[in-house]
Amino acid sequence: KNQVEQSPQSLIILEGKNCTLQCNYTVSPFSNLRWYKQDTGRGPVSLTIMTFSENTKSNGRYTATLDADTKQSSLHITASQLSDSASYICVVSVRSGNTPLVFGKGTRLSVIA
Amino acid sequence: DAGITQSPRHKVTETGTPVTLRCHQTENHRYMYWYRQDPGHGLRLIHYSYGVKDTDKGEVSDGYSVSRSKTEDFLLTLESATSSQTSVYFCAITAGVQETQYFGPGTRLLVL
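Residues numbered from 1 in each chain as written. Chains lettered and ligands numbered in written order. Predicted model: local features only at pLDDT ≥ 70, side-chain atom pairs only at ≥ 80, totals over all residues. Heavy atoms only, no water.

## Focus: the overall build of chain B
From N to C terminus, chain B includes 0 helices and 11 strands. Written out in order from the N terminus, the α and β elements of chain B read β-β-β-β-β-β-β-β-β-β-β. On C-alpha atoms alone, chain B measures out to a radius of gyration of 13 Å, which is about the 13 Å that the 2.2 N^0.38 rule sets for 112 residues. With respect to the principal axes defined by its C-alpha atoms, chain B has extents near 40 × 30 × 25 Å. Per-residue burial for chain B yields a buried fraction of 50% across its 112 residues. Put simply, chain B shows about 5400 Å² of open surface, and 49% of that area lies on carbon and sulfur atoms. (Helix = DSSP H or I, 4+ residues; strand = E, 2+ residues; numbered from the N terminus. Rg over C-alpha atoms; globule rule 2.2 N^0.38 Å. Buried < 20%, exposed > 50% of the residue type's maximum accessible area, 1.4 Å probe, protein only. Areas by Shrake-Rupley, 256 points an atom, 1.4 Å probe, with all protein chains shown as cover.)

In structure tokens form, the structure reads like this:
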């Protein structure tokens with residue numbers, strides 16, 4: 001069964017600190033992996049996308065990595081800000097089937113002053 | 001937000017009543033999706049559409065129907081709402097060369 005597991009479920013960090021969120025997946029056939037940010041009460045917004053051949057992608061203070069061999073991805077947030085408080089969702093695309101996206105349950109990040 | 005609006009944004013209804021949620025997009029996207037999001041679950045696909053009058057089921061389609069009579073509108077109907085359908089519903093479209101899904105603001109539905 002295609003699955004995406006994220007850890008930790010929740011995380012609290014001090015403003016200015018770095019953090020890393022993890023995503024493990026068992027999805028086949030793999031197409032690409034995305035990280036989404038979802039602010040409270042809003043829809044998810046795409047941060048990064050990586051295909052099989054890419055192992056790192058940055059978007060400002062967000063850097064995503066992908067190890068297709070171990071089926072792991074991470075999202076690193078540098079110099080966190082209060083506005084980074086949100087849920088971060090790992091999403092893996094399947095190359096076939098009528099459910100093309102497999103969503104993780106998300107990591108809830110709280111950045112405190 | 002890729003020009004996506006959802007209505008209503010909040011709704012409270014009673015068990016057994018019909019409910020229709022509307023997703024409207026202004027940029028002529030072909031693919032549209034309905035998801036539900038519940039605590040302890042990732043987003044789950046209910047139904048999707050790949051064109052006018054062309055729809056297909058997702059992983060949690062039981063109890064839901066959809067219609068797409070115009071490119072810009074994708075309707076989700078709960079024929080007889082149940083408490084298990086209390087959820088936040090998101091509409092999405094696919095756009096761009098990377099086929100990114102863009103999500104609407106969501107509709108919070110409470111079935112009493």
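Still to come is the rest of the account.
## As for the pattern of salt bridges
Within this structure, the stated rule accounts for 7 salt bridges over all chains. The salt bridge involving D39 of chain A is made with K37 of chain A; its shortest N-O contact spans 3.9 Å. Judged by relative accessible area, which is 31%, D39 of chain A ranks as partly exposed. Connected through salt bridges with shared partners, the residues R22, K70 and D73 of chain B form a single ionic network. (Salt bridge = Lys/Arg side-chain N within 4 Å of Asp/Glu carboxyl O.)

## As for the state of the cysteines
Under the criterion given, the structure shown has 2 disulfides over all chains. The disulfide partner of C23 of chain A is C90 of chain A, and the gap between their sulfur atoms is 2.0 Å. Disulfide C23 of chain A-C90 of chain A: torsion about the S-S bond near -65°, hence left-handed. Remark: C90 of chain A occurs in strand β9 (residues 86-94) and C23 of chain A occurs in strand β3 (residues 19-26); sequence separation between them is 67 residues. The burial state of C23 of chain A is the same as that of C90 of chain A; both residues are buried. Put simply, C23 of chain B and C91 of chain B are joined by a disulfide, and their sulfur atoms are 1.8 Å apart. An S-S torsion of about -70° defines the bridge between C23 of chain B and C91 of chain B as left-handed. Of this pair, C23 of chain B sits in strand β3 (residues 19-25) while C91 of chain B sits in strand β9 (residues 87-95); the two residues are 68 residues apart in sequence, bridging distant segments of the chain. By the burial criterion, C23 of chain B is buried, and C91 of chain B matches it. (Disulfide = S-S within 2.5 Å.)

## So, the interface of chain A and chain B
At the interface, 17 residues of chain A touch 20 residues of chain B. Here chain A and chain B share an interface that buries about 1400 Å² over both sides, 55% of which is from carbon and sulfur atoms. Along the contact surface separating chain A from chain B lie 0 salt bridges. Counting every contact that joins chain A to chain B gives 5 residue pairs in polar contact (both at pLDDT 80 or more). Listing elements by their share of the side of chain A that touches chain B, those giving two or more residues are β4 (30-38), β5 (45-51) and β10 (101-103) of chain A. Per-element tally for the side of chain A that touches chain B: the top contributor is β4 of chain A, with 3 residues. Residue composition of the side of chain A that touches chain B, by class: 7 nonpolar, 7 polar and 3 charged. (Contact = heavy atoms within 4.5 Å. Buried area = accessible area lost by both parts, 1.4 Å probe. Polar contact = N/O pair within 3.5 Å; in protein donor to acceptor, adjacent residues only side chain to side chain. Nonpolar A, V, L, I, M, F, W, Y, C, P; charged D, E, K, R; others polar.)

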